[in-house]
Amino acid sequence: MFESLKKIFGLKPKEGEAPQTVEEAVGDSGRKINESDLDELLWNLELGLMEADVALPVIEEIKTSVKADLAGKRVDKKFKVEDAIRLALRTAVEKTLNQGDFDFDVFIQKHEKPVVVMFVGINGTGKTTAIAKLTNRLHKAGLTTVLSASDTFRAGAIEQISIHGDKLGTKVIKHQSGGDPAAVAYDALEHAKARKRDVVLVDTAGRMQTNSNLMDEMKKIKRVVKPHMTIFVGDSLAGNDAIEQARTFDKEIGIDAVILTKIDADAKGGAALSIAYTIKKPIAFLCTGQGYEDIIKFDAKWMVDRLFSDIE
Ligand SMILES: Nc1nc2c(ncn2[C@@H]2O[C@H](COP(=O)(O)OP(=O)(O)OP(=O)(O)O)[C@@H](O)[C@H]2O)c(=O)[nH]1
Ligand SMILES: [Mg+2]
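Cut-offs used in this document
Residues numbered from 1 in each chain as written. Chains lettered and ligands numbered in written order. Predicted model: local features only at pLDDT ≥ 70, side-chain atom pairs only at ≥ 80, totals over all residues. Heavy atoms only, no water. Patch = residues over 30% accessible without salt bridge, like charges linked within 9 Å, V, L, I, M, F, W, Y side chains within 5 Å. Areas by Shrake-Rupley, 256 points an atom, 1.4 Å probe, with all protein chains shown as cover. Salt bridge = Lys/Arg side-chain N within 4 Å of Asp/Glu carboxyl O. Lys, Arg positive; Asp, Glu negative; His and termini not counted. Charge placed at Lys NZ, Arg CZ, Asp CG, Glu CD. Helix = DSSP H or I, 4+ residues; strand = E, 2+ residues; numbered from the N terminus. Buried < 20%, exposed > 50% of the residue type's maximum accessible area, 1.4 Å probe, protein only. Pairing = 2+ DSSP bridges. Polar contact = N/O pair within 3.5 Å; in protein donor to acceptor, adjacent residues only side chain to side chain. Contact = heavy atoms within 4.5 Å. Axes fitted to C-alpha atoms, helices over the stretch in contact; angles between N-to-C directions. Parallel < 35°, antiparallel > 145°, perpendicular 65-115°, else oblique. Left-handed = near helix turned anticlockwise from the far one by under 90°. Nonpolar A, V, L, I, M, F, W, Y, C, P; charged D, E, K, R; others polar. Near = heavy atom within 4 Å. 1 Å grid on protein atoms, 1.4 Å probe; cavity = no way out; pocket = protein on both sides within 12 Å on 5 of 7 lines; lining within 4 Å. Sits in = over half its atoms within 2 Å of the grid points. Expected span 1.5 Å × (residues − 1). Arc of directions from axis to C-beta. Domains from an automatic or database assignment. Buried area = accessible area lost by both parts, 1.4 Å probe.

Colleague: Where do I start with a positive patch on the surface in this structure?
Modeller: Residues R31, K32, R74 and K77 make up a contiguous surface patch of positive charge. Note on placement: R74 falls in strand 3 (residues 74-75). R74 gets classed as partly exposed once you look at its relative accessible area, which sits at 30%.

Colleague: What is the right way to read the pairing of strand 8 (residues 229-235) from this model?
Modeller: A regular strand carries its side chains on alternate faces of the sheet. With 7 of 7 residues buried, strand 8 is to be regarded as a mostly interior element. With 4 bridges joining them, strand 4 (residues 115-120) and strand 8 adopt parallel strand pairing. The residue of strand 8 that forms the bridge with M118 is T230. With 5 bridges connecting them, strand 8 and strand 9 (residues 257-261) associate as parallel partners. Bridge pairing links G234 to L260 in strand 9.

Colleague: Which parts of the structure should I look at to understand the side chain of D198?
Modeller: Examined against the element boundaries, D198 turns out to sit in the loop between helix 9 (181-195) and strand 7 (199-204). Among the polar contacts listed, one links the side chain of D198 to the backbone nitrogen of T144, at a separation of 2.8 Å. Once residues lying within four places of it in the same chain are set aside, the contact partners of D198 are K113, P114, V115, G142, L143 and T144.

Colleague: It is not clear to me how the packing of helix 3 (residues 35-51) against helix 4 (residues 56-70) should be interpreted in this structure. Could you clarify?
Modeller: For any two helices packed against each other, the geometry is given by the interaxial angle and the distance between the axes. For the pair helix 3 and helix 4, interaxial distance at closest approach is 10 Å and the crossing angle is 155°. Put simply, helix 3 runs roughly antiparallel to helix 4. For the crossing formed where helix 3 meets helix 4, the hand is right-handed. Here L38, D39, L41, L42, L45, E46, L49 and M50 of helix 3 come into contact with helix 4, specifically with L56, I59, E60, I62, K63, V66, K67 and L70. In terms of residue class, the contact of helix 3 with helix 4 is built from 11 nonpolar, no polar and 5 charged.

Colleague: Mind showing me how you'd approach the site of ligand 1 here?
Modeller: For ligand 1, the set of nearby residues contains 18 residues, the closest of which are K127, T128, T129, D264 and Q290. Between R154 and ligand 1, the recorded distance is 3.0 Å, taken from a side-chain N or O atom to an oxygen atom. Computed on the free molecule, ligand 1 has an accessible area of 650 Å², of which 81% lies beneath the protein chains in the complex. One can see that ligand 1 is located within the second largest pocket. It is helix 7 (residues 127-140) that provides the largest number of residues to the shell around ligand 1, a total of 4 residues. Taken together, the residues that form the shell around ligand 1 break down as 1 nonpolar, 11 polar and 6 charged.

Colleague: Before we go on, may I ask you to explain helix 11 (residues 240-252) in this structure?
Modeller: Structural remark: α-helix, 3.6 residues per turn; residues separated by three or four positions point the same way. Its 13 residues give helix 11 an end-to-end C-alpha distance of 18 Å, which sits within 8% of 18 Å, the value for a rise of 1.5 Å per residue. All of the buried residues in helix 11 are A242, I243, Q245, A246 and F249. Along the axis of helix 11, the buried positions cluster into a sector of 160°, meaning they face one direction only. What points out from helix 11, more than 90 degrees from its buried face, is the exposed set N240 and K251. Elements in contact with the buried residues of helix 11: strand 4, helix 10 (212-225), strand 8 and helix 12 (270-279). Looking at the residues trailing helix 11, positive phi occurs at G254, about 85°.

Colleague: Looking at this model, I keep getting lost on the domain arrangement of the chain. Mind explaining?
Modeller: Interfaces are often sized by the accessible area lost when the parts come together. Examined at the domain level, the chain breaks down into domain 1 (3-97) and domain 2 (104-298). On a C-alpha basis, the centroid separation for the pair domain 1 and domain 2 is 37 Å. Counting from both sides, the interface comprises 12 residues of domain 1 and, opposite them, 11 residues of domain 2. Carbon and sulfur atoms supply 71% of the area that domain 1 and domain 2 bury against each other, a total of about 980 Å² over both sides. When the buried area of domain 1 at its contact with domain 2 is split by residue, D53, V58 and L97 rank highest and sum to 45% of it. Counting the contacts that link domain 1 with domain 2 gives 0 salt bridges. Connecting domain 1 to domain 2 are 1 residue pair in polar contact (both at pLDDT 80 or more). Looking at the side of domain 1 that touches domain 2, the elements with two or more residues in it are helix 4 and helix 5 (81-97). For the side of domain 1 that touches domain 2, the leading source of residues is helix 4, giving 4 residues. A per-class count over the side of domain 1 that touches domain 2 returns 8 nonpolar, 1 polar and 3 charged.

In structure tokens form, the structure reads like this:
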């Protein structure tokens, strides 16, 4: 795997020998970067990113950025040319992954309470599990929560979130199965206001993103409780489908941030890169398993390390 990228990277430099920033290594003096070497590098980069399941327009953007950094430039004699190239590539990928300054914790902390966060995505991507993980995380930060069982569509959904609520020691607001999801969210918000709870997490039903009923339902919840943040939950194993879903949800209801799940099972890691690039929205968290602790704050550097872990 990643044979093409292996050709670019070779061995990892010894500590202290590698440049820290592209600007430090690449400039107007030193050894000139050979154009045909650069073209070969870009070709290998393209193949490598394709092997990692990164979508084509994203690959183009990264190639353009790497080329702009390196074409016609020279590498300071202190550094190896391949180290400078490696850094330019990492920087370009990191830039694509970092869409805006977004920090979930800071957002929740600073916002007037209760903060309403709504989770959307097609069925089975991991919305309910992500809500349970975030609830656990918020409790650990000393905040209180209310869960809104607004998936009234799938049989068993209300029970599923109620079990999480019991385990996590938090209130779940629910109506009967088949009820109005927006009305449940409204009640959850009222409960949070009355009891001075900090964060309302709204679980929603998943169906196909082409299902207009689902989109209408999401829009109604949005109208009724006006969430401060809407998070798209995408399955990192879904490849191009996850990108299409993200695009559709963003267009139809508006997305503020993304949670990518099942990273533990995603060997390639290209989904994060493609989604961040396609909808230009920040990735807030990665879910890495089924336990409550299996959630990590998104860190572009960590993702780049993972993307290239087989290579370096
Ligand atoms: N390996 C792994 N499994 C996960 C992860 N997140 C969720 N799952 C599993 O994926 C399945 C679906 O998760 P749910 O949280 O029920 O998904 P959902 O989006 O709420 O699904 P619907 O309610 O049907 O729309 C469950 O079996 C979860 O345990 C993850 O990060 N890693
Ligand atoms: Mg669910």
